[in-house]
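Listed below are the residues making up each chain.
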Amino acid sequence: MHLYPTDWGFFTVLVMAIVYAVNVARKPDLCGRWRRVFATPSAGAAAVVIAFYLCIAITDSIRIEQHGARVTVLDVILAPLRLQVERTYSAPFASHGFVKESRTTMHGKIAREYPRLEHGGRHLSNPDLRLSDILWRAGFGIIGGAMAWSVLIYALARLFRTRYGRGPMIASGSLCVALGFVISVAPSYHMFGTDKVGVDVLYQGLKSIRTGLVLGTLTTLISLPLAVVLGLLAGYCRGWVDDLVQYLYTTLASVPGVLLIAAAALTLDLYLNQHLGDHVGVAERADLRLFGICIILGVTGWTSLCRLLRAEVLKLRALEFVLAARSLGVGTAGIVWRHLVPNTLHIVIITSVIDLSGLVLAEAVLTYIDIGVDPSMESWGNMINSSRMELARDPIVWWSLGAAFIFMFTLVLAANVLADAVRDAFDPHLRRSR
């Protein structure tokens, strides 16, 4: 198994999340707060959706060798979609191409007509039966997904002997039904159509999930240490340390973010061209660029959390428990680690969850203006970027933009809903107001 730099970083974040979950299970107070988060129906449903996206990203980060080529586990699972490449555009659920082609008739005349697709609906002897075939497959898949959901819920209930909330039940049932529909229909039809080179758009949308999640998690992993360390030191030590940290984040905040990221991204491209050249493959180069974008966003995105932590620590350092610890001779490191970090952890958690959706949107925006991920890498930004010219066609090719919007909107909505529940459970000001 071969891992790219972003794979190492992504799995590092997952390991840290598992360690934090084990730590939460040992502390009744934290465990109670997270139980309140997931007891909210909307937050429970959002957690199920995010867990589904994470499963897709994990399978897309495990790379294996198959027939002399390096593919991911997700590529193997989605082989029916990945290998069914058409010649050019095709509409969703179509059996014929979207663009007319010239064909010589039996009488020797040239006719312009829509050709049959090589893969979409090729099992149909009569294309007029396409609608009934789709409905039959959809019904079969929906029934199969509902049965699989029933078996899954029954097995989990017997295994963990617990009842699940309404939100997770509805979300998991909807996902199982949707998966059953996709598994039944997608091998025979292009559910979201194909792009200019004939690649299945549903396959592109699923592959883009890893790019969005890697960008969000790795950027958070890079920015958190900077924000936490500098914010705590600036608020507690004050003096020249506070002045230096304020100068750093004020200077960064004064520079327009897009210009700063664009300059760093262009510098990164120049470095890759000069030092790597043709020594790495297309996939490795695209992954290195994604890793570089994560570093750039992490180094430039720590200022807001640092400012919040500094303000909170300035308030905490004047409270009785910090003054008592200082009078008893506890050092700076002990006060910061034992008293300040636990009392500012809610700010870190809330900000990290809220920033995830912003980083997913940032990838789409940066790629749209050609300073984001490499064009050879599947991402929602690249799908939206490629739709610029497609929307100018007549008739309009809308399905690439529509698929990117659906996948991105679902993840961003789930992240925002979960962030609201986390804020309600962890923010002490909201708890006191209630």
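This brings us to empty space enclosed by the protein. Scanning the model with the defined rule gives one cavity of 30 Å³ or more in all. The computed volume of the largest cavity comes to approximately 80 Å³. What lines the largest cavity is Glu-86, Arg-87, Thr-88, Tyr-89, Gly-97, Val-99, Glu-101, Pro-115, Arg-116, Leu-117 and Glu-118. Tallied by class, residues from the lining of the largest cavity come to four nonpolar, two polar and five charged.

Residues Val-37, Tyr-53, Ile-209, Trp-380, Val-422 and Phe-426 are the most contacted members of the largest nonpolar core, which totals 73 residues. Broken down by element, this core gets its largest block of residues, 13 residues, from helix H16 (residues 399–426). Not counting chain neighbours up to four residues away, the residues in contact with Val-37 comprise Ala-43, Leu-418, Ala-421, Val-422, Ala-425 and Phe-426. Within the second largest apolar cluster, ten residues are counted, among which are Ala-227, Val-245, Leu-305 and Cys-306.

Turning our eyes to something else, we now look at helix H7 (residues 166–185). Taking 1.5 Å per residue as the helical rise, H7 with its 20 residues ought to reach 28 Å, and the 29 Å between its terminal C-alpha atoms agrees with that figure. Among the residues making up H7, those that are buried are Gly-167, Pro-168, Ala-171, Ser-172, Gly-173, Cys-176, Gly-180, Ser-184 and Val-185.

Examined against the element boundaries, Leu-230 turns out to sit in helix H8 (residues 201–237). Note: C-alpha distance between Leu-230 and Lys-109 (121 residues apart in sequence) is 76 Å. Beyond its immediate chain neighbours, meaning those up to four positions away, Leu-230 contacts Val-245, Trp-302 and Cys-306.

Here helix H1 (residues 5–26) crosses helix H2 (residues 28–39) at 110°, and the two axes come no closer than 5 Å. Our classification of the angle between H1 and H2 gives roughly perpendicular. Residue-level inspection shows Tyr-20, Val-24 and Arg-26 of H1 in contact with H2, the latter providing Pro-28, Leu-30, Cys-31 and Trp-34. Counted by class, the contact of H1 with H2 contains six nonpolar, no polar and one charged residues.

Our next topic: the packing of helix H10 (residues 257–275) against helix H11 (residues 282–300). Two elements in contact, H10 and H11, have axes whose closest approach is 10 Å; the angle formed by their N-to-C orientations is 145°. Considering the relative orientation of H10 and H11, their crossing is right-handed. On H11, the residues that touch Leu-260, Ile-261, Ala-264, Ala-265, Leu-268, Asp-269, Leu-272 and Asn-273 of H10 are Arg-285, Leu-288, Arg-289, Gly-292, Ile-293, Ile-296, Leu-297 and Thr-300. Of the residues that constitute the contact of H10 with H11, the class distribution is ten nonpolar, three polar and three charged.

Before going further, it helps to spend a moment on the pattern of salt bridges. One pass over the structure, following the stated rule, counts 15 salt bridges. The closest approach of N and O atoms between Asp-7 and Arg-63, which form a salt bridge, is 2.8 Å. Placement of the pair is Asp-7 in helix H1 and Arg-63 in strand S1 (residues 63–66), with a sequence separation of 56 residues. Accessibility assignment for this pair places Asp-7 and Arg-63 in one class, buried.

This brings us to the pairing of S1. Direction of pairing for S1 relative to strand S2 (residues 69–72): antiparallel, over a ladder of four bridges. Along S2, the bridge assignment pairs Glu-65 with Arg-70. The turn joining S1 and S2, which pair antiparallel and follow one another in sequence, is formed by two residues; a positive phi near 55° is taken by His-67.

Cut-offs and rules
Residues numbered from 1 in each chain as written. Predicted model: local features only at pLDDT ≥ 70, side-chain atom pairs only at ≥ 80, totals over all residues. Heavy atoms only, no water. 1 Å grid on protein atoms, 1.4 Å probe; cavity = no way out; pocket = protein on both sides within 12 Å on 5 of 7 lines; lining within 4 Å. Points joined across faces, edges and corners; volume = space filled by probe spheres on them. Nonpolar A, V, L, I, M, F, W, Y, C, P; charged D, E, K, R; others polar. Core = buried A, V, L, I, M, F, W, Y, C linked by side-chain atoms within 4.5 Å. Buried < 20%, exposed > 50% of the residue type's maximum accessible area, 1.4 Å probe, protein only. Helix = DSSP H or I, 4+ residues; strand = E, 2+ residues; numbered from the N terminus. Contact = heavy atoms within 4.5 Å. Expected span 1.5 Å × (residues − 1). Axes fitted to C-alpha atoms, helices over the stretch in contact; angles between N-to-C directions. Parallel < 35°, antiparallel > 145°, perpendicular 65-115°, else oblique. Left-handed = near helix turned anticlockwise from the far one by under 90°. Salt bridge = Lys/Arg side-chain N within 4 Å of Asp/Glu carboxyl O. Pairing = 2+ DSSP bridges.

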